[in-house]
Amino acid sequence: MALINENFLKLPGSYLFSEIAQRVKNFQEEQPQAKLIRLGIGDVTRPLPNACIEAMHHAVDEMANSETFHGYGPEQGYNFLIEAILRNDFLAYGIKLSPSEIFINDGAKSDTGNIGDILRTDNIVGVTDPIYPVYIDSNVMGGRAGKLQADGQWNNICYLPCTAENNFTPQIPNHKIDIVYLCSPNNPTGTVLNRKELKKWVDYALENNTLILFDAAYEAFIREEDIPHSIYEIKGAKKCAIEFRSFSKTAGFTGVRCGYTVIPKELYATTIEGQTIALNPIWSRRQCTKFNGTSYITQRAAEAIYTPAGKKQVRQNIDFYLENARIMRESLIQTGLSVYGGVNSPYIWLKTPDRMTSWEFFETLLNQTHIVSTPGSGFGPHGEGYLRLSAFGSRENCLEAMQRIKRNL
Ligand SMILES: *Cc1c(COP(=O)(O)O)cnc(C)c1O
């Protein structure tokens, strides 16, 4: 009989969203007349920018004709999209990269999950906590996490707490870690790493030969001046960091599927014998074997994000979500709650009042205001005592939810 990869058996079930669904279902059976407002979602709700729709229609027509038909494309992505990315996402910020340093993919989840393919299982991995669950779960699958302990932490993972006490900035560890995941603007806390804090991490990484895996999926939500849009704005980062970008939250591509990964040519890792190896050609080799490229139609849609019309439409959508976040932030603060994030991010991170646990406050909100949220403890041990609200809804629901909280809490 075939032998299974036992690492998969170590994973606890993904209880968070099924547990939320179950509790919401129970509530709806008890109170069928209650009108629920769902602020738990981490998905966009506004339609695709019109520039993308037009580009997709055009690309579909090209596929209908043998002269303009596209079959397999380059595994690393089409040049038209890579060039638009280089000009707009990097050169505009003073960062020079070459086309072969960009790998187009079908979304950031794939590559943040798959990057472990090219890294040994005995690396010491650090994660900020709370975090996007993909980073830990993919390392469990890759055999890097060790055993799950009673405190909810994996014994081989180095947890870097991000709480109100440290202003949600992960502290530099006093020992060596081989790989660290950083996410800014952060999901779930909605907070950001400023230039000074990010530089500390780059300097640490250069000193300790640490590989930084930088997730910038929410880059488009950055509005404040001092916040780097790319880790490569920090000197030396090309020697120590891989950056992940996504069009999902930027342009509503959660159902279209497109993003990209940056692996600079100057980035090296080492064999156990100490031979240094460039990661870029290794990842390229991996992609050529396991990935056959993102669809032509999708890449044309992504290219359209960078046209003048596309940029304007993307900006309008993000401004809309950020206005929701501002409304939520301000009314929650007025209610007397401790509120974080929501300025450079579509997520609001709340401290639960009266020392309630995340699940207790989740139940309070559900029962007293009929609002569905996400308990912070679902994002890791240091998320306990917090709750995430999402600004990815309609204006009407956002205003109504805030009214309910003011009246009932
Ligand atoms: C939504 C999200 C992504 C993007 O995922 P896609 O696969 O591109 O849709 C990546 N990282 C974080 C932290 C996210 O919240």
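So, here is what we can say about the structure in this document.

What counts, and where the lines are drawn
Every chain is numbered independently, its residues counted from 1 as its sequence is written. Confidence filtering applies because this is a predicted model: local features only for residues at pLDDT of at least 70, side-chain atom pairs given and counted only at 80 or more, and all residues used for totals across whole chains, interfaces and linings. Each side-chain value is derived from all of the structure's non-hydrogen atoms; neither hydrogens nor water enter the calculation. Secondary structure elements are defined from DSSP: runs of H or I of at least 4 residues count as helices, runs of E of at least 2 residues count as strands, and each element is numbered from the N terminus. Put simply, the radius of gyration uses C-alpha atoms, and a globule should come to 2.2 Å times the residue count raised to 0.38. Exposure is judged per residue with a 1.4 Å probe applied to protein chains only, and the accessible area is read against the type maximum: over 50% gives exposed, under 20% gives buried, and values in between give partly exposed. Contact criterion: two residues are considered in contact whenever any of their non-hydrogen atoms come within 4.5 Å of each other. Exposure was quantified through the Shrake-Rupley algorithm and a 1.4 Å probe, taking into account, for residues, occlusion by the shown protein chains and nothing else. Whether two strands pair depends on DSSP finding at least two bridges between them. Note on geometry: axes are C-alpha line fits, over the in-contact stretch for helices, and angles between N-to-C directions span 0 to 180 degrees. When we say a residue is near a molecule or strand, we mean one of its heavy atoms is within 4 Å of it. Two N or O atoms form a polar contact when they lie within 3.5 Å of each other; inside protein one atom must be a possible hydrogen donor and the other a possible acceptor, and for residues adjacent in sequence the pair counts only when both atoms belong to side chains. Under this grouping Gly is polar, as are all residues other than the nonpolar Ala, Val, Leu, Ile, Met, Phe, Trp, Tyr, Cys and Pro and the charged Asp, Glu, Lys and Arg. Residues enter a nonpolar core if they are buried and are Ala, Val, Leu, Ile, Met, Phe, Trp, Tyr or Cys, with the set joined through side-chain atoms within 4.5 Å. By definition here, a salt bridge exists when the distance from a side-chain nitrogen of Lys or Arg to a carboxyl oxygen of Asp or Glu is within 4 Å. A 1.4 Å probe that fits into a set of points on a 1 Å grid over the protein atoms alone but cannot get out defines a cavity; an open set with protein on both sides within 12 Å along at least five of seven lines defines a pocket, and lining residues are those with an atom within 4 Å of a point. Grid points are joined across faces, edges and corners, and a volume is the space filled by probe spheres set on the points. Two aromatic rings from Phe, Tyr or Trp, using only the six-membered ring of Trp, form a pair when their centres are within 6.5 Å; if the ring planes differ by under 30 degrees the pair is stacked, by over 60 it is edge-to-face, and anything between is tilted. Throughout this description, the term charge over a ring refers to an Arg CZ or Lys NZ atom that lies within 6 Å of the ring centre and within 35 degrees of the ring normal.

Another aspect to go through is the overall build of the chain. Scanning the chain for helices and strands turns up 13 helices and 15 strands. The C-alpha atoms of the chain give 22 Å as radius of gyration, which agrees with the globular expectation for 409 residues (22 Å, within 12%). Judged by the C-alpha coordinates and their principal axes, the chain covers about 60 × 55 × 55 Å. Counting all 409 residues of the chain, 53% fall into the buried class. Taking as baseline every contact in the chain between residues at least 6 positions apart, the subset at least 24 positions apart corresponds to 72%. Counting every atom, the chain has about 18600 Å² of accessible surface; 51% of that belongs to carbon and sulfur.

This paragraph deals with the sheet that holds strand 15 (residues 386-390). Read from one edge of the open sheet, four strands run 11-12-15-14, paired in antiparallel fashion. Strand pairing shows two members of the sheet lacking a second neighbour, strand 11 (339-341) and strand 14 (374-375), which therefore form its edges. Strands strand 12 (347-351), strand 14 and strand 15 of the sheet are contacted by helix 12 (residues 358-369), whose axis makes an angle of about 45° with strand 15.

On to the site of the ligand, then. Near the ligand there are 14 residues, and of these Tyr 218, Ser 246, Ser 248, Lys 249 and Arg 257 occur at the shortest range. Ser 248 places a polar side-chain atom, nitrogen or oxygen, 2.6 Å from an oxygen atom of the ligand. Alone, the ligand offers 390 Å² of accessible surface; in the complex the protein occludes 93% of this. Looking at the shell around the ligand, the elements with two or more residues in it are helix 5 (108-114) and helix 8 (248-251). Residue classes in the shell around the ligand are distributed as six nonpolar, four polar and four charged.

The seven strands are arranged 2-8-7-6-5-3-4 in an open sheet whose pairing can be described as mixed. Every other strand in the sheet has two partners, leaving strand 2 (102-105) and strand 4 (157-161) as the edge strands with one partner each. Strand after strand, the sheet turns through a mean of 20° between neighbouring axes, direction not considered. When strand 5 (residues 179-183) meets strand 6 (residues 211-215), the two strands line up parallel, connected through five bridges. Looking at the pairing, Tyr 181 lines up with Leu 213 of strand 6. Set on the sheet, helix 4 (residues 79-90) makes contact with strand 2, strand 7 (241-246) and strand 8 (259-262); between it and strand 2 the angle comes to about 115°. Running over the sheet, helix 6 (residues 134-141) touches strand 3 (125-129), strand 4, strand 5 and strand 6 and is turned about 155° from strand 5.

Before going further, it helps to examine the nonpolar core. Most often, soluble globular proteins have nonpolar side chains that are buried together. Formed by 59 residues in total, the largest nonpolar core has its most connected members in Ile 102, Ile 212 and Phe 253. For this core, the element with the highest residue contribution is helix 4, accounting for seven residues. Listed in part, the 30 residues of the second largest apolar core include Ile 37, Leu 365, Leu 366 and Val 372.

One pass over the full model with this rule turns up 20 salt bridges. Put simply, Arg 23 and Glu 19 hold a salt bridge, and the shortest N to O gap is 2.7 Å. Pair noted here: Arg 23 and Glu 19 are both in helix 2 (residues 15-30), with a separation of four residues, about one helical turn. We classify Arg 23 as partly exposed; its relative accessible area is 22%. Here Lys 199 and Asp 203 are joined by a salt bridge, their closest N and O atoms 2.7 Å apart. One end of the pair is Lys 199 and the other is Asp 203, both in helix 7 (residues 195-208) and four residues apart, which spans about a single turn. Connected through salt bridges with shared partners, the residues Asp 89, Glu 219, Glu 243 and Arg 245 form a single ionic network.

For the rest of this paragraph, the subject is empty space enclosed by the protein. Summed over the entire model, instances satisfying the criterion amount to three cavities of 30 Å³ or more. Approximately 100 Å³ is the volume found for the largest cavity. When the residues that make up the lining of the largest cavity are grouped by side-chain class, the tally is eight nonpolar, five polar and no charged.

Another aspect to go through is the environment of Asp 117. With respect to the helices and strands, Asp 117 occurs in the loop between helix 5 and strand 3. The sequence separation of Asp 117 and Ile 282 amounts to 165 residues, and the corresponding C-alpha distance is 10.0 Å. Among residues more than four places away in sequence, those in contact with Asp 117 are Arg 286 and Lys 290. There is a polar contact of 3.0 Å between the side chain of Asp 117 and the side chain of Arg 286. A distance of 3.0 Å separates polar atoms of two side chains, one belonging to Asp 117 and the other to Lys 290.

With that settled, consider the packing of aromatic side chains. The tally for this structure, following the rule as stated, stands at 21 aromatic pairs. On the basis of an interplanar angle of 75° and a centroid distance of 6.0 Å, the ring pair of Phe 168 and Tyr 386 is categorised as edge-to-face. Of this pair, Phe 168 sits in the loop between strand 4 and strand 5 while Tyr 386 sits in strand 15, placing them 218 residues apart in sequence. Exposure remark for Phe 168: the relative accessible area of 4% places this residue in the buried category. With a centroid separation of 5.5 Å and an interplanar angle of 10°, the aromatic rings of Trp 349 and Tyr 386 are classed as stacked. Here Trp 349 is found in strand 12, whereas its partner Tyr 386 is found in strand 15, with 37 residues between them in sequence. On the basis of relative accessible area, Trp 349 is assigned to the buried category, the value being 0%. Overall, Tyr 386 belongs to the buried group, its relative accessible area being 2%. In textbook terms, an aromatic cluster arises when at least three aromatic residues are bridged by ring pairs, as seen for Tyr 218, Phe 221, Phe 320, Tyr 321, Tyr 347 and Phe 392. Over the ring of Phe 320 we find Arg 46, and its NZ or CZ is 4.0 Å from the ring centre. One cation-aromatic arrangement involves Arg 300 over Phe 80; the distance from NZ or CZ to the ring centre is 3.6 Å.

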